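# Per-entry structural report
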Amino acid sequence: MKKIVVWSVMAFMVLAFGLTPEPGQAQSQAQTEVQQLIEQGLGQLKNQQFDAAIATFKKALKEEPNSALIYNLLGMAYRHKNHQVRNQDLRKQEIASFKKAIDLDPTYWVALINLGTTYYYAGDKAKAAPLFKKALTLKPDHPDKAHLEKMIQEGGGKP
């Protein structure tokens, strides 16, 4: 279930928060390059090329340094790499990436859920609960609402 949620959230992020222009606006060359890098990084994640995805998302951040979306995707790449090799430094980078995404956009519910998930599965359910709660405030119709509410309760919070 966790894997399905992760991939569906990533796909939604790109569709909902991608760098596509508004109708009637031209996309700049830099935006096109960033969009291509995001798509490349997502493909690398899908193919379990985690080091390459990390490098690709970092390259995208050089072009778009204030992108909550890209920081969130970088956090996901660190998460997957950490699951592969079990390295605490990668966990720290995962957390830092999600936090940066939230700092850039405090209403970015996807990053809130991702950071909450990191804390939750690391055993810090009390730290995860308020993140899940805020995410549900921002996205009350989330498809995994019941599961997130259960996780909030496990963390000592009320949904």
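To be clear, the structure that these remarks concern was listed above.
Here the structure is a predicted model, which means the values were calculated and not measured.

Let's shift gears to the packing of aromatic side chains. Evaluation of the coordinates by the stated rule reveals two aromatic pairs. Note on tyrosine 120 and tyrosine 121: the rings are 4.9 Å apart at their centroids and 80 degrees apart in plane angle, and the pair reads as edge-to-face. Here the aromatic cluster, defined as three or more aromatic residues joined through ring pairs, consists of Tyr120, Tyr121 and Phe132.

A few words now on the environment of leucine 37. Topologically, leucine 37 is positioned in helix 2 (residues 29-46). Taking C-alpha positions, leucine 37 is 9.7 Å from isoleucine 70, a pair spaced 33 residues apart along the chain. Setting aside residues no more than four positions away along its own chain, leucine 37 makes contact with Thr56, Phe57, Lys59 and Ala60.

Turning our eyes to something else, we now look at helix 7 (residues 125-138). Helix length check: helix 7, at 14 residues, gives a terminal C-alpha distance of 20 Å against a target of 20 Å (1.5 Å per residue), a fit within 8%. Every buried residue belonging to helix 7 is among Ala128, Ala129, Leu131, Phe132, Ala135 and Leu136, and all of these are buried. Lining the buried residues of helix 7 we find helix 6 (109-121) and helix 8 (145-154).

So, on to the nonpolar core. Nonpolar side chains in soluble globular proteins tend to end up buried together. Within the largest apolar cluster, 43 residues are counted, with the highest numbers of intra-cluster contacts made by Ile38, Leu45, Phe57, Ile70, Tyr108, Leu115 and Phe132. Elements with a contribution of two residues or more to this core: helix 2, helix 3 (50-63), helix 4 (68-85), helix 5 (88-104), helix 6, helix 7 and helix 8. Filtering out sequence-adjacent residues up to four positions away, isoleucine 70 remains in contact with Val34, Ile38, Phe57, Ala60, Leu61 and Glu64.

Cut-offs applied
Residues numbered from 1 in each chain as written. Predicted model: local features only at pLDDT ≥ 70, side-chain atom pairs only at ≥ 80, totals over all residues. Heavy atoms only, no water. Phe/Tyr/Trp six-rings, centres within 6.5 Å; stacked < 30°, edge-to-face > 60°. Helix = DSSP H or I, 4+ residues; strand = E, 2+ residues; numbered from the N terminus. Contact = heavy atoms within 4.5 Å. Expected span 1.5 Å × (residues − 1). Buried < 20%, exposed > 50% of the residue type's maximum accessible area, 1.4 Å probe, protein only. Core = buried A, V, L, I, M, F, W, Y, C linked by side-chain atoms within 4.5 Å.

Purely geometric stuff here, so don't read any function into it on its own.
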